[in-house]
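Understanding the architecture of this molecule
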Amino acid sequence: MNKKYIIPVVLLVGLAFILVLLPKKKPYNELPAKDLLKQVTSSSKFISPEFVADRLIKKDPSMILVDVRSEDLFREYSLPGALNIPLQEIVKPAQMELLSQEGIDYIFYSTGDVLADQAWILCKRQRIDHIYVMKGGLNEWFSSFFMSLPPAETASNEEIELYQFRSAVRQYFTGGETQTARKPAGEAISITPKKKKSAAEGGC
Amino acid sequence: MKELNRTDRLTIASILVAVILFTGLVTLKQPEVQYACTIDETVNKLGASGDVISAVDVNKALLNNDGSLILVDLRSPDEYQKSHIGPAINIPIQEILEKQHLENFSDLSRKNKTLVLYGKDQTEANGAWMILKQAGFDNFLVMEGGYGYFAPAVNENNNSAVSQGYYAEKPAYNFKEVLESFGAPVSSQAAANPEPVKVIKKVKKSAAEGGC
């Protein structure tokens, strides 16, 4: 064998050994803990029940509700059109694939918002975008739409508008005649569109 | 002479390759805080209850003054200045992964101290708890209900509603009954499965197209 090849061969074999000894890479490209913390502390993850109701009534096809409670609780009562993905199931590959569909906002809810928030954090770690938590969960849904009292005569216009909106939502979901359910102004939630990954374009 | 040149060039090239690969490996960016458990392990840890401590129990530990619990206030310094639970230390939630705090946490963990997190509500504390759990800290608890809930819970110790404890995921109403009271045909609605949601197949990103 030619001597001049000995040095490169030794070097490459050495490198191959180093590569073998390197720690195994994690299967998913997860969001680093510090970035996850930033996401967790941002308030944009919450969506109010009013906003959810507004989109439900408009039959917005780009929103899907995800009930993260157990199957039993889901059967007993759930919001119209909601999917049931219990917290324990949520990071399974099939659900991850579903939740990473582009162009659809998934809104997690549970009875309060702790369980939904846990599911949300797990998904965020797996870099799922376009997911939100319904603030206050079903408890707040019911307290705002079914338990809210009429505002006093002296209430501000916003309060009266909010009450009218809530009553309209209640009527919509209890099968009463629908009034025009208009979401109170000043609550726009901006949803930043995901940047399209441009495929490598070819050409000459 | 010519033969020697070829050998040199080969050697230089392979050394260069080795150096580039090596520097690449060494400078490979690693996140500052690593996850200590995989996502599946995290899910399993969530299933185990007992990570929430009641306000009444926190208060008892504080009264005993045995130093078994360390309270951490996750709210902003402003809110902390205004009022906080007696001996709580303030670590705003955004800062819990700072190096100095992490060192402190592992120190306390070695001393078998338990830290109790509370924020403006339980969800805030829960978020911090989940991050720390995934970073490998098992010595944290979440205080039920958050800061606003602590004072009434402790002051009305004998109040039966409070002593039953607070559970963030406890239904405040019987949802079905409320709906029925407003005349909604709940029974049929609940029995029928909610509309199946159409799953739109993800469009495969087309591979590089084009060319001549």
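Residues numbered from 1 in each chain as written. Chains lettered and ligands numbered in written order. Predicted model: local features only at pLDDT ≥ 70, side-chain atom pairs only at ≥ 80, totals over all residues. Heavy atoms only, no water.

**With respect to the interface of chain B and chain A**
Facing 63 residues of chain B, the contacting portion of chain A comprises 66 residues. Note on chain B versus chain A: buried area summed over both sides is about 5,600 Å², and carbon and sulfur give 67% of it. It is Y35, E169 and F175 of chain B that lose the most area in chain B upon contact with chain A, and together they represent 13% of the buried surface on that side. Our count for the chain B to chain A interface comes out at 1 salt bridge. Linking chain B with chain A are 8 residue pairs in polar contact (both at pLDDT 80 or more), by the criterion used here. At the level of elements, α1 (2-27), α2 (39-47), α6 (122-134) and α9 (175-181) of chain B are the ones that each hand at least two residues to the side of chain B that touches chain A. At 10 residues, α1 of chain B tops the list of elements feeding residues into the side of chain B that touches chain A. Here the residues of the side of chain B that touches chain A are counted per class, giving 35 nonpolar, 17 polar and 11 charged. (Contact = heavy atoms within 4.5 Å. Buried area = accessible area lost by both parts, 1.4 Å probe. Salt bridge = Lys/Arg side-chain N within 4 Å of Asp/Glu carboxyl O. Polar contact = N/O pair within 3.5 Å; in protein donor to acceptor, adjacent residues only side chain to side chain. Helix = DSSP H or I, 4+ residues; strand = E, 2+ residues; numbered from the N terminus. Nonpolar A, V, L, I, M, F, W, Y, C, P; charged D, E, K, R; others polar.)

**Remarks on helix α5 (residues 99-110) of chain B**
Residue and element names in this part refer to chain B. Counted at 1.5 Å a residue, the expected span for α5 with its 12 residues is 16 Å, and the 17 Å between its end C-alpha atoms agrees. Tucked inside the fold, the buried residues of α5 contact β2 (69-73), β4 (114-118), α6 and β5 (140-143). Two residues or fewer after α5 comes N112, characterised by a positive phi angle close to 60°. (Expected span 1.5 Å × (residues − 1).)

**Description of the packing of helix α2 (residues 33-41) of chain A against α6 of chain B**
Packed helices, taken two at a time, are described by the angle between their axes plus the distance between the axes. α6 of chain B packs onto α2 of chain A with a crossing angle of 170° between their chain directions and a minimal axis gap of 10 Å. When the axis of α2 of chain A is compared with that of α6 of chain B, the two are roughly antiparallel. In this structure, α2 of chain A contributes A33, L36, L37 and V40 of chain A to the contact, and α6 of chain B contributes G127, I131 and Q134 of chain B. Looking at the contact of α2 of chain A with α6 of chain B residue by residue, the class counts come to 5 nonpolar, 2 polar and no charged. (Axes fitted to C-alpha atoms, helices over the stretch in contact; angles between N-to-C directions. Parallel < 35°, antiparallel > 145°, perpendicular 65-115°, else oblique.)

**Considering the packing of helix α3 (residues 49-57) of chain A against helix α7 (residues 137-145) of chain A**
All names here are of chain A. Look at α3 against α7: their axes get within 10 Å of each other, and the N-to-C directions meet at 80°. On the basis of the axis angle, α3 is roughly perpendicular to α7. Taking contact as the criterion, the partners of P49, E50, V52, A53 and L56 in α3 are, on α7, E140, W141, S144 and F145. Taken together, the residues of the contact of α3 with α7 break down into 6 nonpolar, 1 polar and 2 charged.

**Observations regarding the sheet that holds β4 of chain B**
Residue and element names in this part refer to chain B. Spatial ordering of the open sheet is given by β1-β5-β4-β2-β3, a layout of 5 strands whose pairing is parallel. Looking at the sheet topology across the chains shown, the edges are occupied by β1 (52-53) and β3 (89-90). Note that β1 and β5 share 2 bridges and pair parallel. When the sheet's bridge partners are listed, I53 is paired in β5 with M143. In the packing of α6 onto the sheet, the strands contacted are β1, β4 and β5, and the crossing angle to β5 comes to about 170°. (Pairing = 2+ DSSP bridges.)

**Examining the pattern of salt bridges**
A full pass over the atoms with the stated rule returns 18 salt bridges over all chains. Among the salt bridges present, the one from R75 of chain B reaches D73 of chain B, with a minimum N-O distance of 2.9 Å. Judged on exposure class, the residue R75 of chain B and its partner D73 of chain B are both buried. D107 of chain B is paired through a salt bridge with K111 of chain B; the nearest N and O atoms lie 3.8 Å apart. Note on K111 of chain B: relative accessible area 54%, which makes it exposed. Three or more residues are tied together by salt bridges with common partners; here these are R55, D60 and D105 of chain A. (Buried < 20%, exposed > 50% of the residue type's maximum accessible area, 1.4 Å probe, protein only.)

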